[in-house]
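# Chains, contacts and geometry: an overview
These are the residues of each chain, in order.
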Amino acid sequence: MRSLVLILAASTVLAGCSLAPKYARTELPVPPSLPVGDAYLRQSEAALPAITYRDVFKDPRLQQIIVQALANNRDLRVAAANIASTRAQYRIQRADLLPQVDASGRYTYSGGGNGTRNTVTSGTGSGTGTGTGGTGTGTGGTGTGTGTGGTGTGTGSTGSVVSSSSSNSSFSVDLGTTAFELDLFGRIRSLTSAALDRYFATEAAARATRLTLVGDIADAWLTYASDQSLLKIAQDTVTSSQRSVTLTNARLRGGVAPRTDLRQAQQILFTAQSDLAQQRTALAQDVNALQLLVGAPVDASLLPASIEQALPTVAALPAGLDSSILLRRPDVVESEYELRATNAEIGAARAELFPKISLTGILGFASTSLTSLFSGGAFNYSVAPSVSYPIFRAGAGIAGVAYSKAQRDAALATYEKTIQTAFQETADALARQGTIADQLKANQNFSEAALDTYRLSDARYRGGIDTFLNSLDAQRSLYTAQRNLVATQLVGASNRVTLYRVLGGDLDAGSDGRRTTTGDDERRAEGGDELRPPNPSSQRKLGFPGQAGAATQAGYPSFRWGDGQE
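Predicted, not measured: the structure shown is a model, and the values here were computed from it. (Residues numbered from 1 in each chain as written. Predicted model: local features only at pLDDT ≥ 70, side-chain atom pairs only at ≥ 80, totals over all residues. Heavy atoms only, no water.)

In this section: the overall build of the protein chain. Helix and strand counts for the protein chain stand at eleven helices and eight strands. Looking at the protein chain as a whole, 40% of its 566 residues are labelled buried. Taken as a whole, the protein chain presents about 30000 Å² of accessible surface, with 55% of it coming from carbon and sulfur. (Helix = DSSP H or I, 4+ residues; strand = E, 2+ residues; numbered from the N terminus. Buried < 20%, exposed > 50% of the residue type's maximum accessible area, 1.4 Å probe, protein only. Areas by Shrake-Rupley, 256 points an atom, 1.4 Å probe, with all protein chains shown as cover.)

Set out below in structure tokens:
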């Protein structure tokens with residue numbers, strides 16, 4: 001028993017070894033700061049605040065739609081199922097770190113043999129008998145007589161029985177483990193670490209799905225608002241054009257206006273009628289898109305009346321200057337955890353090159369009587385360690401290490417490409433944010449000028465000063481200017497949604513507003529089911545080479561990473 005305890009203690013100490021390379025985050029393959037220049041706004045804030053979607057989308061109607069979507073969207077349900085699946089896979093893999101203990105109880109009865117039976121009887125006996133003579137009477141006289149009984153002998157018998165048989169019973173209760181691998185070279189720990197990292201990667205993917213969903217809902221809601229504005233413009237144009245057609249037709253009948261004036265007026269009317277039908281279709285499709293995203297019917301009272309009403313309810317985000325804020329994007333976090341997983345798998349592949357040591361142990365009680373089963377003399381145990389090492393695998397072990405390294409290199413390239421893509425998306429959104437205000441102001445001025453021109457031209461035409469062609473041109477310009485203004489307003493609102501999405505700054509975990517954190521401060525304690533943060537002294541802040549602690553000094557949200565080692 002003492003030797004068994006020593007073996008188990010030694011295996012526990014040696015199991016802390018790992019052949020996985022030490023993980024170190026690569027330098028970001030992007031400039032240390034976001035771009036600046038004529039196309040970009042001057043960033044007045046160095047820090048990107050911790051936000052939720054409520055801080056960006058302030059309209060209570062849109063917030064209510066988002067809450068409904070978070071509860072009903074099917075993509076989120078798939079993401080939640082994926083999290084549960086990878087969590088279960090992690091727990092299955094983690095179970096290999098501990099021995100599987102089996103309990104068994106047995107009762108055995110056995111019997112058999114043969115028997116013979118012989119019977120022999122013998123004996124002697126004697127006896128004496130007496131009798132009395134009869135008495136009789138008759139006519140003429142009376143008489144009396146006596147006699148003696150006879151003696152006889154006989155032979156009796158005596159018997160004996162001889163037989164033989166055999167049977168026995170046994171009872172036993174055992175606890176044991178079979179072929180438990182002592183993880184001396186960290187193979188199982190590396191696989192467990194990889195499974196844990198993939199679990200965290202799946203959680204990050206679910207947050208990316210949620211972030212995309214919120215952004216898509218906001219875009220669809222704003223698109224509905226712009227289509228409502230375009231519908232109103234088309235309706236107003238149809239009404240105005242109808243009046244122009246009626247007036248021109250009357251002038252034609254009166255011989256004042258040529259037929260070409262009537263046809264030109266009708267062209268504007270028919271164009272507006274076509275756009276009106278198109279906008280009605282677009283609004284119906286916008287509602288269908290929203291219902292698909294929400295996963296349930298959307299109340300019409302939650303929809304906006306116009307883009308002019310919806311635009312002010314979407315807040316602008318300050319992006320800051322430090323590109324390290326991109327590290328908090330869920331897709332970047334997911335990619336890094338995948339990189340960590342492939343790095344851990346290198347350790348598992350390396351461990352395959354070393355011998356595997358397994359342990360089989362049994363302890364229990366055995367007795368021929370149930371009453372004495374748990375007595376001191378009934379206890380027994382056995383320990384059977386074994387070592388296996390492949391002599392010839394035709395280079396498969398080394399190839400396995402090379403394969404895992406190649407997978408790590410591919411994951412590293414994917415991680416860097418994800419960061420570069422995030423940088424490009426953010427830079428594009430910032431460039432659009434830096435110029436959209438000027439474009440919107442110009443379009444507003446153009447729309448106002450077009451409206452004034454149309455009023456003047458129409459008045460000059462009605463007064464007989466100007467031709468009808470000038471009035472029609474002014475009306476066409478006004479119609480185009482109003483549609484362009486709505487499109488620019490939609491671009492400006494969508495740009496704010498895009499910034500919310502590309503910066504990945506929504507810290508909500510759900511509709512209740514709780515923050516979701518990821519990273520090494522969430523690494524699961526081995527042997528437990530709950531996430532817990534590591535020792536704060538082992539954490540380091542984000543920053544670039546030569547900018548140690550820059551993120552903290554700049555006031556970025558506390559987003560912590562560990563040193564990459566268990």
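Picking up where we left off.
Looking at the element boundaries, S240 is found in helix α5 (residues 187-253). Those residues in contact with S240 that lie beyond four places of it in its chain are Y454 and Q475. A distance of 3.1 Å separates a polar atom in the side chain of S240 from a polar atom in the side chain of Y454. (Contact = heavy atoms within 4.5 Å. Polar contact = N/O pair within 3.5 Å; in protein donor to acceptor, adjacent residues only side chain to side chain.)

Inspection of the entire model under this criterion finds four cavities of 30 Å³ or more. Roughly 60 Å³ of volume is contained in the second largest cavity. In terms of lining residues, the second largest cavity is bounded by E181, L182, D183, L184, F185, G186, R187, A351, P355, K356 and I357. Going through the elements one at a time, β6 (166-182) and β7 (356-367) are the ones with two or more residues in the lining of the second largest cavity. Of the residues contributing to the lining of the second largest cavity, the split by class is six nonpolar, one polar and four charged. (1 Å grid on protein atoms, 1.4 Å probe; cavity = no way out; pocket = protein on both sides within 12 Å on 5 of 7 lines; lining within 4 Å. Points joined across faces, edges and corners; volume = space filled by probe spheres on them. Nonpolar A, V, L, I, M, F, W, Y, C, P; charged D, E, K, R; others polar.)

Summed over all chains, the structure comprises four aromatic pairs. Ring geometry for F57 versus Y500: centroids 5.2 Å apart, planes at 70 degrees, classification edge-to-face. Remark: Y500 occurs in helix α10 (residues 468-503) and F57 occurs in the loop between α2 (53-56) and α3 (60-72); sequence separation between them is 443 residues. For the pair shown, F57 and Y500 are each scored as buried. With a centroid separation of 4.7 Å and an interplanar angle of 20 degrees, the aromatic rings of F185 and F354 are classed as stacked. With F185 in the loop between β6 and α5 and F354 in the loop between α8 (330-351) and β7, this residue pair connects regions lying 169 residues apart in the sequence. These aromatic residues form a ring-pair network of at least three members: Y199, F200 and Y337. (Phe/Tyr/Trp six-rings, centres within 6.5 Å; stacked < 30°, edge-to-face > 60°.)

What follows covers the packing of helix α6 (residues 259-294) against α10. For the pair α6 and α10, the least separation of the axes is 9 Å and the interaxial angle reads 15 degrees. One way to sum up the angle between α6 and α10 is to call them roughly parallel. Pair α6 / α10 crosses with left-handed handedness. Two secondary-structure elements touch here, α6 through D261, Q264, A265, Q267, I268, A272, D275 and Q279 and α10 through F468, L469, L472, Q475, R476, Y479 and R483. A per-class count over the contact of α6 with α10 returns seven nonpolar, four polar and four charged. (Axes fitted to C-alpha atoms, helices over the stretch in contact; angles between N-to-C directions. Parallel < 35°, antiparallel > 145°, perpendicular 65-115°, else oblique. Left-handed = near helix turned anticlockwise from the far one by under 90°.)

It is worth spelling out the environment of F446 at this point. Within the element layout of this structure, F446 appears in helix α9 (residues 396-462). Once the C-alpha coordinates of F446 and Q482 are considered, the two residues, 36 residues apart in sequence, prove to be 8.9 Å apart. Setting aside residues up to four positions removed in sequence, F446 forms contacts with S477 and A481.

Another aspect to go through is the nonpolar core. Formed by 63 residues in total, the largest nonpolar core has its most connected members in F57, I65, I66, I217, L222 and Y500. Elements represented by at least two residues in this core include exactly α2, α3, α5, α6, α7 (307-310), α9 and α10. If you tally residues by element for this core, the top one is α5, at 16 residues. If sequence neighbours within four positions are ignored, L222 has contacts with I307, A310, V314, L490, A493, S494 and V497. (Core = buried A, V, L, I, M, F, W, Y, C linked by side-chain atoms within 4.5 Å.)

Residue position: D183 is located in the loop between β6 and α5. Buried and unpaired, D183 has R189 as its nearest opposite-charge partner, separated by 5.4 Å. For D183, the side chain forms a polar contact with the main-chain nitrogen of R187, separated by 2.8 Å. (Lys, Arg positive; Asp, Glu negative; His and termini not counted. Salt bridge = Lys/Arg side-chain N within 4 Å of Asp/Glu carboxyl O.)

Take α3 next. Over its 13 residues, α3 extends 18 Å from the first C-alpha to the last, a length consistent with the 18 Å expected when each residue adds 1.5 Å. Residues L62, Q63, I65, I66, A69 and L70 constitute the buried set of α3. Projected down its long axis, α3 shows its buried positions confined to an angular sector of 160 degrees, all on one face. Every exposed residue of α3 that faces more than 90 degrees away from the buried side is listed here: P60 and A71. Contacts from the buried residues of α3 go to α2, α4 (74-94), α5 and α6. Residue D59 occupies the N-cap position of α3, its side-chain oxygen lying 2.8 Å from the main-chain nitrogen of R61. (Expected span 1.5 Å × (residues − 1). Arc of directions from axis to C-beta.)

Here we take up a nonpolar patch on the surface. On the surface, L353, F354 and I398 cluster together to form a nonpolar patch covering roughly 280 Å² of accessible area. Following the sequence through the fold, I398 ends up in helix α9. On the accessibility criterion, I398 (63% relative accessible area) is exposed. (Patch = residues over 30% accessible without salt bridge, like charges linked within 9 Å, V, L, I, M, F, W, Y side chains within 5 Å.)

This part is about the pattern of salt bridges. Summed over the entire model, instances satisfying the criterion amount to 15 salt bridges. Salt-bridge contacts for R198 lead to E338; the nearest nitrogen and oxygen are separated by 3.1 Å. A residue pair is termed long-range when its members are at least 10 positions apart, and R198 in helix α5 and E338 in helix α8 qualify at 140 residues.

Looking at the protein chain as a whole, its pLDDT mean stands at 75, while 67% of the residues score no less than 70. A low-confidence stretch, residues 36-47 (pLDDT under 50), is modelled with 27 contacts involving residues beyond four sequence positions or located in other chains. Overall, residues 115-165 carries pLDDT values under 50, and its contacts beyond four positions in sequence, including any with other chains, amount to 53 contacts. (pLDDT = per-residue confidence, 0-100.)

It is worth spelling out unusual backbone geometry at this point. One can expect most non-glycine residues to show negative phi and most peptide bonds to be in trans. One non-glycine residue with positive phi stands out, namely A394, at about 60 degrees. In this structure, A394 sits in the loop between β8 (379-388) and α9. Residue A394 is classed as exposed on the basis of its relative accessible area of 62%.

With that out of the way, let us pick up the packing of α9 against α10. Remark: α9 packs on α10, axes separated minimally by 7 Å, with the N-to-C direction vectors making an angle of 160 degrees. The angle between the axes of α9 and α10 places the two elements in the roughly antiparallel class. With respect to the hand of their crossing, α9 and α10 are arranged in left-handed fashion. Of the residues belonging to the contact of α9 with α10, the class tally is 18 nonpolar, 19 polar and three charged.

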